[in-house]
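Summary of the model geometry
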Amino acid sequence: MNLIRWADKLFKFLLALNVLCVEVMFGRTLTLRAWLAPRRFVTLFTTSADPGIDLKTLRAIRVLRPLKLVSGIPSLQVVLKSIIKAMAPLLQIGLLVLFAIVIFAIIGLEFYSGALHKTCYKLEDLNEIDKEGDLETPCNTDNKTEAPAGSYVCNSNVSTCLEEWEGPNFGITSFDNIGFAMLTVFQCITMEGWTTILYWTNDALGSQFNWIYFVPLIVLGSFFMLNLVLGVLSGLKVSVFVWCSI
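Residues numbered from 1 in each chain as written. Predicted model: local features only at pLDDT ≥ 70, side-chain atom pairs only at ≥ 80, totals over all residues. Heavy atoms only, no water.

1. Side note on the overall build of the protein
- A tally of regular secondary structure across the protein gives nine helices and two strands.
- Starting at the N terminus, the α and β elements of the protein follow one another as α-α-α-α-α-α-β-β-α-α-α.
- The buried share of the protein, taken over its 246 residues, is 29%.
- At a minimum sequence separation of 6, the contacts of the protein that also span at least 24 residues come to 65%.
- Counting only carbon and sulfur atoms, one obtains 67% of the accessible surface of the protein, whose full area is about 15,900 Å². (Helix = DSSP H or I, 4+ residues; strand = E, 2+ residues; numbered from the N terminus. Buried < 20%, exposed > 50% of the residue type's maximum accessible area, 1.4 Å probe, protein only. Contact = heavy atoms within 4.5 Å. Areas by Shrake-Rupley, 256 points an atom, 1.4 Å probe, with all protein chains shown as cover.)

Following this line, the structure appears as structure tokens:
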């Protein structure tokens, strides 16, 4: 057993020396392949370590092996270098988008705080919501003479409008606090279901002035700011491609 143990240590020493000579000492430049040399030492250590030692986390570094393909694909190198160079500009754009989200969330708090908690409850059972189709719908009132234009009015013969509902999506889609407001604004600027949120606010407050909030939100937040990310990436990709071609 001692002989096998000493042979194993000698094998690891010779293999580590071989990797060191090939990757570092023989004039390799600091390319991606040379950068992967430390990974080979880690792989060597983890594969030949004592089985009693838990090295599953270090062995996960083996997933970096496919990165060797990058050195053989010039176009992929251009893309990766563009992403790396774009980190600083993207951080600045991210802060700008966050600033816009906070501003629109504060405005939403002023306009829509608590507005999405009214819905129609059945008169025969005030604990049961009278749904429109399969979904609950925010309401404004059950009196048509008092309802603003475009708002949802409950049928006074079968239901009444009460402010006891938790709100759409279990109360998450709302402007009740700054956290939920920022999340709702972010959903709108990604243009994922923003029209549904617009219709909910129309049902709750009427459709006369809601466009004043949602049109600038979509134009500035989605069409302008989020597309800045694509502009930065495409511009840096062109510059890196020209630099690599020189």
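2. Focus on the packing of aromatic side chains
- The full count for this structure, using the stated rule, is eight aromatic pairs.
- Note on Phe111 and Tyr112: the rings are 6.0 Å apart at their centroids and 85° apart in plane angle, and the pair reads as edge-to-face.
- Of the residues examined, Tyr112 reaches a relative accessible area of 2% and is grouped as buried.
- Judged by centre distance (5.3 Å) and plane angle (45°), the rings of Tyr112 and Phe175 are tilted. Of this pair, Tyr112 sits in helix H6 (residues 87-112) while Phe175 is found in the loop between strand S2 (159-162) and helix H7 (178-189), placing the two residues 63 residues apart along the sequence.
- Here the aromatic residues Phe104, Phe111, Tyr112, Phe175, Tyr213 and Phe214 are joined through ring pairs into a cluster of three or more. (Phe/Tyr/Trp six-rings, centres within 6.5 Å; stacked < 30°, edge-to-face > 60°.)

3. Some details on the state of the cysteines
- All told, the structure shown has two disulfides when counted by the stated rule.
- Residue Cys120 pairs covalently with Cys154 via a disulfide, S to S 1.8 Å. Negative torsions about the S-S bond denote left-handed disulfides, and the value of about -90° found for Cys120 with Cys154 makes this one left-handed. In this pair, Cys120 is assigned in strand S1 (residues 119-122) and Cys154 in the loop between S1 and S2, connecting sequence segments 34 residues apart.
- Classification of Cys154 by relative accessible area gives buried; the value is 2%. (Disulfide = S-S within 2.5 Å.)

4. What to know about the pattern of salt bridges
- Considering all chains together, one arrives at one salt bridge under this definition.
- Of the charged contacts, one joins Lys122 and Glu128 as a salt bridge, the two residues approaching to 3.1 Å between their closest N and O atoms.
- Overall, Lys122 belongs to the partly exposed group, its relative accessible area being 23%.
- Judged by relative accessible area, Glu128 falls into the partly exposed class, the value being 34%. (Salt bridge = Lys/Arg side-chain N within 4 Å of Asp/Glu carboxyl O.)

5. Some words on the environment of Lys122
- Topologically, Lys122 is positioned in strand S1.
- For the pair Lys122 and Cys161, spaced 39 residues apart in sequence, the C-alpha to C-alpha distance is 9.0 Å.
- When residues no more than four places from it in sequence are discounted, the contact partners of Lys122 are Glu128, Ile129, Asp130, Val158 and Ser159.

6. What about the environment of Thr145?
- The topology assignment puts Thr145 in the loop between S1 and S2.
- Judged by relative accessible area, which is 71%, Thr145 ranks as exposed.
- A polar contact of 2.7 Å, which involves the side chain of Thr145, links it to the side chain of Asn143. (Polar contact = N/O pair within 3.5 Å; in protein donor to acceptor, adjacent residues only side chain to side chain.)

7. Observations regarding the confidence of the model for the protein
- Residues of the protein with pLDDT of at least 70 account for 69%, and the chain-wide mean is 78.
- Looking at the elements of the protein, mean pLDDT is at its lowest for helix H2 (residues 32-35), recorded as 46, and at its highest for H7, recorded as 94.
- Counting contacts from residues 28-36, a segment whose pLDDT is below 50, to residues more than four positions away or on other chains yields 13 contacts. (pLDDT = per-residue confidence, 0-100.)

8. Quick notes on H6
- Over its 26 residues, H6 extends 36 Å from the first C-alpha to the last, a length consistent with the 38 Å expected when each residue adds 1.5 Å.
- Those residues of H6 lying buried are Ile93, Val97, Ala100, Ile101, Phe104, Ala105, Gly108 and Tyr112. (Expected span 1.5 Å × (residues − 1).)

9. Topic: a nonpolar patch on the surface
- A cluster of nonpolar side chains, Met191, Phe209, Trp211, Ile212, Val215, Val219, Leu220 and Phe223, forms an exposed patch at the surface whose accessible area comes to about 790 Å².
- Inspection of the secondary structure assignment puts Phe209 in the loop between helix H8 (194-205) and helix H9 (211-245).
- Its relative accessible area of 56% is what places Phe209 among the exposed residues. (Patch = residues over 30% accessible without salt bridge, like charges linked within 9 Å, V, L, I, M, F, W, Y side chains within 5 Å.)

10. Some thoughts on the nonpolar core
- With 26 residues, the main nonpolar core has Val185, Tyr213, Phe214 and Leu217 as its most contacted residues.
- Counting residues per element, the ones that place at least two in this core are H6, H7, H8 and H9.
- For this core, the element with the highest residue contribution is H6, accounting for seven residues.
- Setting aside residues no more than four positions away along its own chain, Leu217 makes contact with Phe104, Val185, Cys188, Ile189 and Ser222. (Core = buried A, V, L, I, M, F, W, Y, C linked by side-chain atoms within 4.5 Å.)

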